[in-house]
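This is what each chain is made of:
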Amino acid sequence: MAGHSDNVLTLPAFDKPARVLIVIAPYYGAISAAQLSSARAVLDSAGVTHETVEMPGSLEIPTAIGIAHRQSDFDGYVALGCVIRGRTSHYDVVVNESARAIATLGLAGACIGNGIITVENMEQAEERADADRLDTAGGAAAAALHLIALQRSMKKADTGVGFKPGSFRHDGLRKTGPTVA
């Protein structure tokens, strides 16, 4: 993430247009505004088309991404929100379950930059949302772009499945040795 590393990667360039969905839970207005501004700036600087949807809370962000990943043609996703520890264990549930669900979606092939801020207090949230300080939203947008680029670079060639046509006679016997695609 930006602000944590002395080795920031250059944003990837895309020869085919990329489309990203930002999913945000705007629970804290000023924090959300800063997050959106930063994420959008990074995506705009890479020439990436993006849309934004709002969810009521951070627990709904992975579900929204899962729906979009199954039903639309976005190349990647940026998850944005802010969870500040309170006096109950609800914080732990939201933090752990939203992170687990985002990781599960990522392992299933969704290119997600996770910019959900998880902090102890508002001062920490402001620091992480600030584009001039830790900029977790900008880092999440950059992470999504790097995952899209990686996924595109590792696309397998379409070679078909199984045996090549013509390798069997009409009676099911092989004409010659096996020719596997």
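Above this text sits the structure in question.
Residues numbered from 1 in each chain as written. Predicted model: local features only at pLDDT ≥ 70, side-chain atom pairs only at ≥ 80, totals over all residues. Heavy atoms only, no water.

### Digging into the sheet that holds strand β1 (residues 19-24)
For step 1, the next point in the chain: Judged by pairing direction, the sheet is parallel, and its four strands sit side by side in the order β2-β1-β3-β4 without closing on themselves. Each having just a single partner strand, β2 (49-54) and β4 (112-119) make up the two edges of the open sheet. Mean inter-strand twist for the sheet, computed between neighbouring axes without regard to direction, equals 15°.
For step 2, the next point in the chain: Where helix α1 (residues 29-45) meets the sheet, it contacts β1, β2, β3 (76-84) and β4, and its direction lies at approximately 170° from that of β1.
For step 3, the next point in the chain: With respect to the sheet, helix α3 (residues 90-107) is in contact with β3 and β4, its orientation differing from that of β4 by roughly 170°. (Pairing = 2+ DSSP bridges. Helix = DSSP H or I, 4+ residues; strand = E, 2+ residues; numbered from the N terminus. Axes fitted to C-alpha atoms, helices over the stretch in contact; angles between N-to-C directions. Contact = heavy atoms within 4.5 Å.)

### Focus: the packing of aromatic side chains
For step 1, the next point in the chain: Inspection of every chain in the model, using the stated rule, returns two aromatic pairs.
For step 2, the next point in the chain: Between Arg19 and the ring centre of Phe74, over which it is positioned, the NZ or CZ distance is 3.9 Å. (Phe/Tyr/Trp six-rings, centres within 6.5 Å; stacked < 30°, edge-to-face > 60°. Lys NZ or Arg CZ within 6 Å of the ring centre and 35° of its normal.)

### Some points on a nonpolar patch on the surface
For step 1, the next point in the chain: There is a patch of nonpolar side chains on the surface, built from Leu147, Leu150 and Met154 and spanning about 280 Å² of accessible area.
For step 2, the next point in the chain: Counting through the fold element by element, Leu150 comes out in helix α5 (residues 136-153). (Patch = residues over 30% accessible without salt bridge, like charges linked within 9 Å, V, L, I, M, F, W, Y side chains within 5 Å. Areas by Shrake-Rupley, 256 points an atom, 1.4 Å probe, with all protein chains shown as cover. Salt bridge = Lys/Arg side-chain N within 4 Å of Asp/Glu carboxyl O.)

### Describing the pairing of β4
For step 1, the next point in the chain: Counted residue by residue, β4 has six buried out of eight residues, so it is predominantly covered.
For step 2, the next point in the chain: Pairing between β3 and β4: eight bridges, direction parallel. For Leu80, the partnering residue across the bridge sits in β4 and is Gly115.
For step 3, the next point in the chain: Taken together, β3, α3 and β4 constitute a β-α-β crossover, and its handedness is right-handed. (Buried < 20%, exposed > 50% of the residue type's maximum accessible area, 1.4 Å probe, protein only. Right-handed = clockwise from strand over helix to strand, strands pointing away.)

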